[in-house]
Amino acid sequence: MIKYAERINSLPPYLFAAIDKAKAEIIKKGVDVINLGIGDPDMPTPPHIVDAMKKSIDNPARHKYPSYEGMLSFRTAAADWYRRTMNVTLNSEDEVLTLIGSKEGIAHIPLAFLNPGDVSLVPDPGYPVYNIGSILASAKPFKMPLLAGNEFLPDLDAIPKDVAKKAKLMFLNYPNNPTSATASIKFFEEVVDFANEFEIIVVHDDAYSEMTYDGYKAPSFLNASGAKDVGIEMHSLSKTYNMTGWRLGFAVGNSEILAGLGKVKTNVDSGAFEVIQEAGVAALTGPQDCVRDMNNIYKERRDALLTGLKELGLDVKPPRATFYVWAHVNGKAADFSKMLLEKAGIVATPGIGFGEYGEGYVRFALTQSVDRINEAVNRMRKLDI
Ligand SMILES: *Cc1c(COP(=O)(O)O)cnc(C)c1O
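Each value, and the rule that gives it
Residues numbered from 1 in each chain as written. Predicted model: local features only at pLDDT ≥ 70, side-chain atom pairs only at ≥ 80, totals over all residues. Heavy atoms only, no water. Domains from an automatic or database assignment. Contact = heavy atoms within 4.5 Å. Buried area = accessible area lost by both parts, 1.4 Å probe. Polar contact = N/O pair within 3.5 Å; in protein donor to acceptor, adjacent residues only side chain to side chain. Helix = DSSP H or I, 4+ residues; strand = E, 2+ residues; numbered from the N terminus. Core = buried A, V, L, I, M, F, W, Y, C linked by side-chain atoms within 4.5 Å. Buried < 20%, exposed > 50% of the residue type's maximum accessible area, 1.4 Å probe, protein only. Axes fitted to C-alpha atoms, helices over the stretch in contact; angles between N-to-C directions. Parallel < 35°, antiparallel > 145°, perpendicular 65-115°, else oblique. Nonpolar A, V, L, I, M, F, W, Y, C, P; charged D, E, K, R; others polar. Near = heavy atom within 4 Å. Areas by Shrake-Rupley, 256 points an atom, 1.4 Å probe, with all protein chains shown as cover.

A. Just the domain arrangement of the protein, in detail. Examined at the domain level, the protein breaks down into domain 1 (6–44 + 289–381) and domain 2 (47–285). For domain 1 and domain 2, the distance between their C-alpha centres works out to 25 Å. The interface of domain 1 with domain 2 comprises 31 residues on the first partner and 34 residues on the second. When domain 1 packs against domain 2, close to 2,900 Å² is buried across both sides, 62% of that on carbon and sulfur atoms. Interface area lost by domain 1 to domain 2 is led by Arg320, Thr322 and Tyr357, which between them contribute 23%. Seen at the junction of domain 1 and domain 2, the total is 16 residue pairs in polar contact (both at pLDDT 80 or more). Going through the elements one at a time, α12 (289–311), β9 (324–328) and β12 (361–365) are the ones with two or more residues in the side of domain 1 that touches domain 2. With seven residues, α12 is the single largest residue contributor to the side of domain 1 that touches domain 2.

Here it is, written out as structure tokens:
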């Protein structure tokens, strides 16, 4: 009889299991399913990045163990990119750390800063790894509800004082998955004040900083004054450069916090493949029109999908960032997703999968062509709900 450790047994159930099963059944019936469920870019990695990898792989020096903190050339490229895109100055020696995708950094950071029983503050709904990483460190995640009434920002005043005193880490993510909400520098400055008051380390996940529309520019957490004293920002090449499969990201900000994360990493992984890091240098230092072109494509898809959702009578605001549309639905999220799948062959993720405060919402990912989205809209028109 195999027994799992308590930390595995205490992980939340996989809430997408029911929809995965229903999807498999529908596909078996031969239905042409339109998958708007997955937050994985459908377009390929830009060719200049792929070419840089091809060139790098022929160099035997790149085949060895990388350094755990990452190649200085990659960290310098990341620091330069930060100065250009965020107007933030970083020392590439100790204020940038290469990650094997930002998920890796998010999952590992609780091990560096949370003792068993310590509290972490995690957004709900949210990317599941903040919660799960905390549980794997035997810590106690405290859910900060992201509510429409507060523009899907956590209400810091609503966090009980005794919880705030016990909290060591706070996770934030703007532009936000799944709600597509954005945050202002002013909000980030309130977070810095809160973090100073309660001695909390802030981890801002900035995976969608470049995926913005309608002239909007998303601020970095590090644009807030004093942010570097209390926190770090996690970055990913996955969404910005269509590189999800490559596994490359980086963390920037407070050097002592990064050193703590680095300590875990030295003992757990041996860094990102240098060939991938050289491709990352090409992504960060090369032409950026690929990012603008992809945003134009997502914007066209967003507008097509919104037409359909509005005809369904759903309450949706056009997101100005991320490739998600977070739609309020009537009734339970899971029932709505099931209905969309069974009656229209459309996959959309029930919000409850991102936490209890995601109930009543469904997340649509703009990861299908505009033709497929128009087809989804046509199918929605025929639905009677
Ligand atoms: C996709 C995503 C990530 C994961 O990025 P990787 O760098 O591929 O690990 C992290 N955070 C959020 C909010 C995401 O949506």
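B. Region of interest: the nonpolar core. Within the largest apolar cluster, 104 residues are counted, with the highest numbers of intra-cluster contacts made by Leu121, Met170, Tyr241, Phe250 and Phe364. Among the elements that take part in this core, α12 stands out by supplying eight residues, more than any other. In contact with leucine 121, other than residues within four places in its own chain, are Phe142, Met144, Ile159, Val163, Ala167, Leu169, Met170, Phe171, Phe194 and Ile200.

C. Looking closely at the packing of α12 against helix α14 (residues 370–381). Direction vectors running N to C along α12 and α14 enclose 5°, while the axes themselves pass 9 Å from each other. Classified by the angle their axes make, α12 and α14 are roughly parallel. Seen from α12, the contacting residues are Glu300, Arg301, Ala304, Leu305, Thr307, Gly308, Leu309 and Glu311; seen from α14, they are Val370, Ile373, Asn374, Val377, Met380 and Arg381. A per-class count over the contact of α12 with α14 returns seven nonpolar, three polar and four charged.

D. Region of the structure containing the site of the ligand. Inspection of the region around the ligand gives 13 residues, with Asp205, Tyr208, Ser236, Ser238 and Lys239 positioned closest. In this structure, an oxygen atom belonging to the ligand sits 2.6 Å away from a side-chain N or O atom of serine 238. Considering the ligand on its own, with 390 Å² of exposed area, one finds that the protein chains cover 94% of that surface. A breakdown of the residues in the shell around the ligand according to their chemical character gives three nonpolar, six polar and four charged.

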